[in-house]
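One letter stands for each residue in the lines below.
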Amino acid sequence: MTTSIQTERIHKALDTFAIELPSWGFSNTGTRFGKFIQDSAATTTEEKLADAGQVHKFTACCPSVATHVLWDFPEGLKSTPAVMASAAKAGVRLGAINPNVFQDQIYKNGSLGNPDPKIRQAALDHILESVEIGKQTGSRDVSLWFGDGSSYPGTQSIRHRKQWFTEGLKQTHAHLSPQQRMLVEYKPFEPYFYHTDLADWGMSLLLSRHAGPQAKVLVDTGHHYQAQNIEQIVAWLLSEDMLGGFHFNDRRYADDDLTFGSIDPYQVFRIFNEVIGFERETGKRADIAYMIDQSHNLKDKTEEMIQTAITAQELYSKAVLVDHEKLTHYQMKGELIDAEECLKAAFSSDVRPAIREWRKGKGLAEEPLQAFRASGYTDQAARLRGKKNKGAVASYA
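What you see is a predicted model, and the numbers here were worked out from it, not measured in a lab.

**Q** Where do I start with the packing of helix H2 (residues 45-59) against helix H10 (residues 301-320) in this structure?
**A** Pairs of packed helices are described in terms of their axes, by the angle between the two and the distance that separates them. Here H2 crosses H10 at 40°, and the two axes come no closer than 9 Å. The element H2 and its partner H10 pack so that their crossing is right-handed. For the pair H2 and H10, the contacting residues are Asp51, Gln54, Val55 and Thr59 in the first and Thr302, Met305, Ile306, Ala309 and Gln313 in the second. Residues of the contact of H2 with H10, tallied by class, amount to four nonpolar, four polar and one charged.

Here it is in structure tokens:
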């Protein structure tokens, strides 16, 4: 049970805490081998945004939705007014814009790193259109993830590809409005297995700096080697003013897409602790976009996102309770056990009563998942979408 002072601290933190949902997490997706169809899954961009609106309605912490251009803007810029109208109807706003330069057949050998200049230009044209979509929607962030790489030694020039990426990202940066940012993500492997062009945070950092001051690093918590110390990466990027955002998810082995905090909630807590510690030490709020990047073909889509939002609120609230003044004292004195226990005490705190009290004060149901289930939304969605879903063609869109 938290003290009144701790409860007040949690309530104040939750008032400003927000985490962005991914539109693609509400539609039928699956593994490399297939998918299991859900009758209630979203089949259109409007339905994805409507489902996301339900998550925000019951949690009050998910006001924005990230979109994928090829999947959510089928006619590119022409689709923008309709998508914006759907978002407004659902009670959410459009968040990060995600170009797609990994799906089309031309990207067999990469996008911005492709040896063919025509394909590099096609990828750049799509990214620049995504920047323009972001300008129209009022979206600050353009999230860039590249599947570029090679699977066999000697088949690609790593140095040339680095140069092509540098040129492409510089051109992208030149098209940003003063309010926009580009977030450059990295991934150590997959779909290629010899080398990935942006394999780690250092590569993303260097390319971002080459691109310009509005480029930052995006950390996907699932895109790391086993046992990598992600909070150390976070601390370094914060100190360099280069951390732009997160794609939160969890993983058991090599890749992401497991529910946020389902495997290692202590790691998420440690990441939040680094961010909050930085804010308290510097006296300024870290300009970081908290985003979810996960999709599942087993859990109910909307329920899973509500579960994710609840977990995010709980782990963030735990991190808020870390006594950083005391922690710093123990660290400087080299009192290892006391320092570690200071961290563990906050993680062990039961913050759920304080969060329920916060929800009650906001006019929300104290148990969002139960309230959503009682609303009957999923059953209604299944009735409206079931026939279309049963006839769906297996795809990742």
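**Q** Is there a simple way to think about the pairing of strand S5 (residues 93-98) in this case?
**A** The two faces of a sheet get side chains in turn, since along a regular strand they alternate between them. Where burial is concerned, most of S5 is hidden: five out of the six residues are buried. The sheet contact formed by strand S4 (residues 64-68) and S5 spans four bridges and is parallel. Its bridge partner being in S5, threonine 67 is matched across the sheet by isoleucine 97.

**Q** It is not clear to me how the packing of aromatic side chains should be interpreted in this structure. Could you clarify?
**A** Each aromatic ring pair is summarised here by two numbers: the centre-to-centre distance and the angle between the ring planes. According to the stated counting rule, one finds 22 aromatic pairs in the structure shown. Taken together, the ring pairs in this structure connect Phe17, Phe246, Phe248, Phe260, Phe272, Tyr290 and Tyr316 into an aromatic cluster. The ring of tyrosine 253 is capped by arginine 252, whose NZ or CZ atom sits 5.1 Å from the centre of that ring. In this structure, lysine 318 is placed above the aromatic ring of phenylalanine 347, and the distance from its NZ or CZ to the ring centre is 5.4 Å.

**Q** What exactly am I supposed to notice about the packing of helix H5 (residues 117-137) against helix H6 (residues 158-174) here?
**A** Contact geometry of H5 with H6 gives a least axis separation of 10 Å together with a crossing angle of 30°. In terms of axis orientation, H5 runs roughly parallel to H6. Of the two elements, H5 crosses H6, and the hand of that crossing is right-handed. Contacts between H5 and H6 involve Arg120, Leu124, Ile127, Leu128 and Val131 from the first element and Trp164, Gly168, Gln171 and Thr172 from the second. For the contact of H5 with H6, the class distribution of residues is five nonpolar, three polar and one charged.

**Q** Please clarify how the pattern of salt bridges should be interpreted in this entry.
**A** Pairing is possible between side chains of opposite charge, provided their charged atoms come close. Following the criterion strictly, the structure yields 20 salt bridges and no others. Aspartate 39 is the partner of lysine 390 in a salt bridge, and the nearest nitrogen-oxygen pair spans 2.9 Å. A residue pair is termed long-range when its members are at least 10 positions apart, and lysine 390 in helix H15 (residues 377-390) and aspartate 39 in the loop between strand S3 (34-35) and H2 qualify at 351 residues. By relative accessible area, aspartate 39 is classed as partly exposed at 29%.

**Q** What is the right way to read the nonpolar core from this model?
**A** Burial of nonpolar side chains together is a common tendency in soluble globular proteins. Formed by 94 residues in total, the largest nonpolar core has its most connected members in Ile19, Leu169, Phe246, Phe248, Phe272 and Tyr290. The element best represented in this core is H10, accounting for nine residues. Excluding anything up to four places from it in sequence, phenylalanine 246 contacts Leu218, Val219, Thr221, Val234, Ile271, Val275, Ile288, Ala289, Tyr290 and Met291. By size, the runner-up hydrophobic cluster in this structure holds eight residues, among which are Trp24, Trp71, Leu218 and Ala289.

About the cut-offs
- Residues numbered from 1 in each chain as written.
- Predicted model: local features only at pLDDT ≥ 70, side-chain atom pairs only at ≥ 80, totals over all residues.
- Heavy atoms only, no water.
- Axes fitted to C-alpha atoms, helices over the stretch in contact; angles between N-to-C directions.
- Helix = DSSP H or I, 4+ residues; strand = E, 2+ residues; numbered from the N terminus.
- Left-handed = near helix turned anticlockwise from the far one by under 90°.
- Contact = heavy atoms within 4.5 Å.
- Nonpolar A, V, L, I, M, F, W, Y, C, P; charged D, E, K, R; others polar.
- Buried < 20%, exposed > 50% of the residue type's maximum accessible area, 1.4 Å probe, protein only.
- Pairing = 2+ DSSP bridges.
- Phe/Tyr/Trp six-rings, centres within 6.5 Å; stacked < 30°, edge-to-face > 60°.
- Lys NZ or Arg CZ within 6 Å of the ring centre and 35° of its normal.
- Parallel < 35°, antiparallel > 145°, perpendicular 65-115°, else oblique.
- Salt bridge = Lys/Arg side-chain N within 4 Å of Asp/Glu carboxyl O.
- Core = buried A, V, L, I, M, F, W, Y, C linked by side-chain atoms within 4.5 Å.

Keep in mind these numbers describe shape, not what the thing actually does.
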